[in-house]
Amino acid sequence: MGRISGIPAWKRGLLVGIMGLTAVGAAAGIRGRQIERMAAVIGDASGAEESGSPEPAEEILEKENLTEEAGSGEIKKIALTFDDGPHPCYTEQLLDGLAERNVKATFFLLGTNIEGNEEIVKRIAAEGHLIGNHTYYHVDITKLEEEEACREILDTSEQITAITGQTVEYIRPPFGNWDKELEYEVMMIPIFWSVDTLDWTTKNTDQIVQKVVSDIEENDIILMHDSYDSTVKAALRIIDLLQADGYEFVTADELILE
Ligand SMILES: [Zn+2]
């Protein structure tokens, strides 16, 4: 059950999401590479771990610099995105680290986690980060009746707007499963990702840092979860390493809208 043509259900959903993104990309100017990278994620069987001892992140960057064209002068932009928050302690730790480094990130919030953490949501907005919708109960939107799916999304947006005063324009659908029809119903733009850190499975700071630093390319959107101490530590280390390597961290909307 749950498999058609040998493709697990979650992968088919992701594929649908990517196909949707291709269409949205045409309208919103999403760069081709993100779509290619997401297709690569699908082929990655949820990211089988590489074996062997990881190469230190600093060495990977050094090697890449040797092969890069010198003096292109352009700023390489990338975006860190955090799903499933706000978390009562790790989100604020992350916000402290982002503020120290003057970095803006994107937070896709769950309605159910906003309850009781309204002050954290206020802080995310006040500090200039982008807030997006991640549904109320972390649902697979493609498995719901349209009315229920809309309620999941609109209730969460309303909740965010009531706290921040800002309209919510972007959604990261849980599991990357998006129903394109809903775009017109809820008037939101989905934002997917091009690098999946798998931080929630490994909970290993070194592995998360190594994965991002070895995979990173300009305009990447990196998927993380601010629900773990290991992720907060990894995110801040990634920022320090990649800022030193000439990357600028921007909110995800800057990378999908040209
Ligand atoms: Zn999630």
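Structure shown above.
1. Notes on the overall build of the protein chain
Counting its secondary structure elements, the protein chain contains twelve helices and ten strands. For the protein chain, buried positions account for 41% of its 258 residues. Residue pairs at least 24 apart in sequence account for 79% of intrachain contacts in the protein chain once pairs closer than 6 positions are excluded.

2. What to know about helix α11 (residues 229-244)
For α11, spanning 16 residues, the distance from its first C-alpha to its last is 23 Å, which sits close to the expected 22 Å at 1.5 Å a residue. Looking only at α11, the buried set comprises T231, V232, A234, A235, L236, I238, I239 and L242. One or two positions beyond α11, positive phi appears at G246, with a value near 95 degrees.

3. A closer look at the environment of D226
In this fold, D226 is placed in the loop between β9 (221-225) and α11. For D226, a count of 29 C-beta atoms within 10 Å gives the class buried. On a C-alpha basis, the gap between D226 and P88 in space is 10.0 Å, while along the polypeptide they are 138 residues apart. If sequence neighbours within four positions are ignored, D226 has contacts with F82, G85, H87, Y90, T91, L94, T231 and V232.

4. Description of the nonpolar core
It is characteristic of soluble globular proteins that their nonpolar side chains tend to be buried jointly. Among the nonpolar cores identified, the biggest contains 57 residues, and A79, L80, L109, V212, I222, A235 and I238 are the most heavily contacted of them. With sequence-adjacent residues up to four places away left out, V212 is seen in contact with V195, T197, I222 and I238.

5. Regarding the pairing of strand β5 (residues 130-133)
In the case of a regular strand, side chains alternate between the two sheet surfaces. With burial as the criterion, each face of β5 is covered, one bearing L130 and G132 and the other bearing I131 and N133. The sheet contact formed by strand β4 (residues 106-109) and β5 spans four bridges and is parallel. Paired with F107 across the bridge in β5 is I131.

6. Brief notes about the environment of L95
Inspection of the secondary structure puts L95 in helix α4 (residues 90-100). On the neighbour-count criterion, L95 (21 C-beta atoms within 10 Å) is buried. Distance from L95 to I124, taken between C-alpha atoms, is 7.3 Å for residues 29 residues apart in sequence. Every residue in contact with L95, bar those within four places of it in the chain, is listed here: R123, I124 and E127.

What counts and what doesn't
The numbering scheme is per chain: residues are counted from 1 as the chain's sequence reads. Selection of residues for local features in this predicted model requires a pLDDT of at least 70, selection of side-chain atom pairs for listing and counting requires 80 or more, and totals for whole chains, interfaces and linings are taken over all residues. A run of H or I in DSSP counts as a helix once it spans at least four residues, and a run of E counts as a strand once it spans at least two, with each numbered from the N terminus. Field definition: a residue is buried when 20 or more other C-beta atoms are found within 10 Å of its C-beta, exposed when 12 or fewer are, and partly exposed for counts in between, with C-beta atoms placed from the backbone. We call two residues in contact when their backbone-placed C-beta atoms lie within 7 Å. What a helix is expected to span follows from its residue count: subtract one and scale by 1.5 Å. Joining buried Ala, Val, Leu, Ile, Met, Phe, Trp, Tyr and Cys residues through C-beta atoms within 7 Å gives a set, and that set is a nonpolar core. Pairing between strands is defined by DSSP: at least two bridges between the two strands are required.

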